[in-house]
Amino acid sequence: MFQENISLKKLNTFGIDVNAKKFAEFDTLSSLKLLLDQCNANDELLVLGGGSNILLTRDYQGVVLKNNLKGIEIISEDENYAFVKGAAGEVWHQFVLFAIENNLGGIENLSLIPGSVGAAPMQNIGAYGVEIKDVFHELEALEIATQTVKKFDTKSCEFGYRESVFKRDLKGKYIIISMTLKLNKKHKLNTSYGAIEKELSSKGISSPNIKDVSDAVIAIRQSKLPDPEKIGNSGSFFKNPVISTIQFESLKEKYPTIAHYPVNEHEVKIAAGWLIDQAGWKGKTFDNYGVHKNQALVLVNYGGAKGKDIFQLSQQILDSVYETYGIQLEREVNII
Ligand code: EPU
């Protein structure tokens with residue numbers, strides 16, 4: 001059953017206080033289908049998992065459904081791999097903890113990323129050299145129009161950098177209900193990321209296990225990124241832009257310390273955090289919102305900010321970075 005005019009403040013990690021005209025939660029597939037049956041054909045529909053990748057800029061005039069599907073289990077295994085299935089409404093970090101408790105490797109670098117299991121493939125979450133696509137097996141999603149459950153493998157998800165088909169061609173057409181990952185019994189650690197190496201060596205750990213790597217990632221994240229329980233935020237607000245090697249070479253002459261990662265012969269990925277930081281935005285505060293003091297990619301709500309204000313700040317940052325460097329940044333967060 002729907003509730004009316006419900007505040008979404010506790011359901012988005014930015015902590016923006018807007019109302020949903022109609023709101024309901026579902027914890028089984030059949031209750032989800034029943035709710036969809038009760039929607040009008042022209043109702044705008046927003047499905048929330050952890051609410052960690054959205055900026056709400058207005059009261060929502062349609063239907064908001066909160067995904068509370070729960071359960072994490074090993075569905076099959078052999079001597080090398082275990083297939084772990086998680087319901088979309090589970091907290092992503094609980095999935096990581098389940099993997100570590102069962103000594104399964106592959107997602108330890110993705111520790112403590114806010115959000116739900118269902119949102120993880122939607123935006124191909126990534127951190128410290130690992131993306132969900134690297135361990136992805138399949139997901140199940142309910143097609144809204146037909147109310148049938150379809151399976152998607154890695155190829156049909158069309159993963160890209162913080163992208164999937166569910167953010168593009170199939171946007172708004174499916175509701176992800178579960179995800180299955182193929183995790184490793186024989187661990188291949190990825191500690192090449194400088195900050196992880198540094199954290200491990202500061203603890204005197206020379207041959208780390210997956211729990212050590214997870215703990216290191218947690219420590220790094222806690223030192224740089226604001227805890228959404230305390231300061232509203234949505235992680236990286238912008239994507240790291242990819243530019244041509246030619247454009248990069250000319251920028252590098254002017255800005256020799258520009259933080260970047262090679263992509264291929266023709267392209268270079270630039271650290272958007274560096275661009276925003278160097279353009280003078282890091283730590284800037286306006287009333288009750290601003291740019292985080294330790295990581296310029298993260299916009300924050302110190303309490304009571306309006307989504308519209310944060311959106312406008314993001315526009316000013318986009319314009320400023322474009323004017324300074326000629327690079328058009330893109331938002332990573334979904335704007336509603
Ligand atoms: N930098 C600055 N100033 C800043 C922020 C960064 O100079 O304010 C420089 C850093 O010194 C470093 C470079 O930029 O040289 C990269 O910074 P960092 O290692 O913090 O990573 P990032 O590229 O800013 C990405 C992801 C994060 C992920 C980290 C670690 C994106 C948009 N962000 O950030 O993901 O945790 O790498 O792998 O790709 C997220 O998506 O929400 C997220 C937090």
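Residues numbered from 1 in each chain as written. Predicted model: local features only at pLDDT ≥ 70, side-chain atom pairs only at ≥ 80, totals over all residues. Heavy atoms only, no water.

(A) Molecular detail of the domain arrangement of the protein chain. Taken domain by domain, the protein chain holds domain 1 (3-67), domain 2 (72-184) and domain 3 (232-335). Just the C-alpha atoms count here: the centres of domain 1 and domain 3 sit 29 Å apart. Carbon and sulfur atoms supply 53% of the area that domain 1 and domain 3 bury against each other, a total of about 1,100 Å² over both sides. A per-residue breakdown of the area domain 1 buries against domain 3 is headed by Phe14, Asn53 and Leu55, which together make up 59% of the total. (Domains from an automatic or database assignment. Buried area = accessible area lost by both parts, 1.4 Å probe.)

(B) A look at the site of the ligand. Lining the immediate surroundings of the ligand are 24 residues, of which Tyr128, Tyr161, Tyr193, Asp277 and Ala296 lie closest. One nitrogen or oxygen atom from the side chain of Lys282 is found 3.3 Å from an oxygen atom belonging to the ligand. Gln295 has a polar side-chain atom sitting 3.0 Å from an oxygen atom of the ligand. Here the ligand has 810 Å² of accessible area as a free molecule, and 80% of this is covered by the chains. Residue assignment for the shell around the ligand shows that the elements contributing at least two residues are β8 (126-127), α6 (210-224) and α8 (272-278). Mapping the shell around the ligand onto the domain boundaries places at least three of its residues in each of domain 2 (72-184) and domain 3 (232-335). (Near = heavy atom within 4 Å. Polar contact = N/O pair within 3.5 Å; in protein donor to acceptor, adjacent residues only side chain to side chain. Areas by Shrake-Rupley, 256 points an atom, 1.4 Å probe, with all protein chains shown as cover. Helix = DSSP H or I, 4+ residues; strand = E, 2+ residues; numbered from the N terminus.)

(C) Main features of unusual backbone geometry. In this model, Leu112 sits at a positive phi of 65°, which is unusual for a non-glycine residue. Along the chain, Leu112 falls in the loop between α2 (92-101) and α3 (119-122). A positive phi angle, near 50°, is found at Tyr128, a position not held by glycine.

(D) Structural view of the environment of Val47. Looking at the element boundaries, Val47 is found in strand β3 (residues 45-48). Distance from Val47 to Asn67, taken between C-alpha atoms, is 6.8 Å for residues 20 residues apart in sequence. Ignoring any residue separated from it by four or fewer positions in sequence, one finds Val47 in contact with Phe26, Leu65, Asn67 and Ile175. (Contact = heavy atoms within 4.5 Å.)

(E) Broad picture of the packing of aromatic side chains. Using the criterion set out here, one finds 12 aromatic pairs in the structure. Geometrically, the ring pair formed by Phe14 and Phe237 is edge-to-face, given 6.2 Å between the ring centres and 65° between the ring planes. In this pair, Phe14 is assigned in the loop between β1 (3-7) and β2 (19-26) and Phe237 in the loop between β13 (232-233) and β14 (242-244), connecting sequence segments 223 residues apart. The ring centre of Phe2 lies 5.1 Å from the NZ or CZ of Lys22, which sits over that ring. Of note, Lys182 hangs over the ring of Tyr81, and the distance from its end group to the ring centre comes to 4.2 Å. (Phe/Tyr/Trp six-rings, centres within 6.5 Å; stacked < 30°, edge-to-face > 60°. Lys NZ or Arg CZ within 6 Å of the ring centre and 35° of its normal.)

(F) Broad picture of the nonpolar core. Formed by 45 residues in total, the largest nonpolar core has its most connected members in Leu8, Leu275, Ile276, Ile310, Ile317 and Leu329. It is helix α9 (residues 307-325) that contributes the most residues to this core, 6 residues altogether. Looking at which domains feed residues into this core, each of domain 1 (3-67) and domain 3 (232-335) supplies at least three. Residue contacts for Leu275: discarding those within four places in its chain leaves Pro241, Ile258, Ile270, Val321, Tyr325, Ile327 and Leu329. Grouped together as the second largest cluster of nonpolar side chains are 42 residues, Ala88, Leu110, Leu139 and Ala216 included. (Core = buried A, V, L, I, M, F, W, Y, C linked by side-chain atoms within 4.5 Å. Buried < 20%, exposed > 50% of the residue type's maximum accessible area, 1.4 Å probe, protein only.)

(G) Seen up close, the environment of Val300. Position of Val300 among the secondary structure elements: in strand β19 (residues 299-301). Given the relative accessible area of 0%, Val300 is considered buried. Taking the C-alpha atoms as reference points, Val300 and Thr13, 287 residues apart in sequence, are found 9.9 Å from one another.

(H) Representation of the side chain of Asn67. Assignment of secondary structure puts Asn67 in strand β5 (residues 60-67). Relative accessible area serves as the criterion here: at 4%, Asn67 is assigned to the buried category. Polar side-chain contacts of Asn67 include one of 2.9 Å to the backbone nitrogen of Leu69. Within the structure, the side chain of Asn67 is placed 3.5 Å from the backbone nitrogen of Gly89, a separation counted as a polar contact. Once residues within four sequence positions are removed from consideration, Asn67 is found in contact with Phe26, Val47, Leu48, Ala88, Gly89 and Ile176.

(I) Seen up close, α2. Of all 10 residues in α2, 7 are buried; the element is thus mostly enclosed. If you check which residues of α2 are buried, you get Trp92, His93, Phe95, Val96, Phe98, Ala99 and Ile100. Elements that come into contact with the buried residues of α2 comprise β6 (72-77), β7 (81-87), α3, β12 (174-184) and α6. At the C-terminal side of α2, Asn103 shows a positive phi close to 55°.

(J) Highlighting the layout of surface pockets. Empty space within the second largest pocket amounts to approximately 910 Å³. Leu46, Val47, Ile54, Met122 and Asn334 are, among the 37 residues lining the second largest pocket, the residues nearest its centre. For the lining of the second largest pocket, the secondary-structure elements that each account for two or more residues are β3, β5, α3, β12 and β20 (334-335). Here the element with the most residues in the lining of the second largest pocket is β3; it accounts for 4 residues. Looking at the lining of the second largest pocket residue by residue, the class counts come to 18 nonpolar, 12 polar and 7 charged. (1 Å grid on protein atoms, 1.4 Å probe; cavity = no way out; pocket = protein on both sides within 12 Å on 5 of 7 lines; lining within 4 Å. Points joined across faces, edges and corners; volume = space filled by probe spheres on them. Nonpolar A, V, L, I, M, F, W, Y, C, P; charged D, E, K, R; others polar.)

(K) Quick peek at the pattern of salt bridges. Using the criterion set out here, one finds 17 salt bridges in the structure. In this structure, Arg168 engages Glu158 in a salt bridge whose closest nitrogen and oxygen atoms are separated by 3.7 Å. Placement of Arg168 in the loop between α4 (154-157) and β12 and of Glu158 in the loop between α4 and β12 is noted, with a sequence separation of 10 residues between them. Classification of Arg168 as partly exposed rests on a relative accessible area of 34%. A residue is classified by how much of its surface remains accessible, and Glu158, at 37% relative accessible area, is partly exposed. (Salt bridge = Lys/Arg side-chain N within 4 Å of Asp/Glu carboxyl O.)

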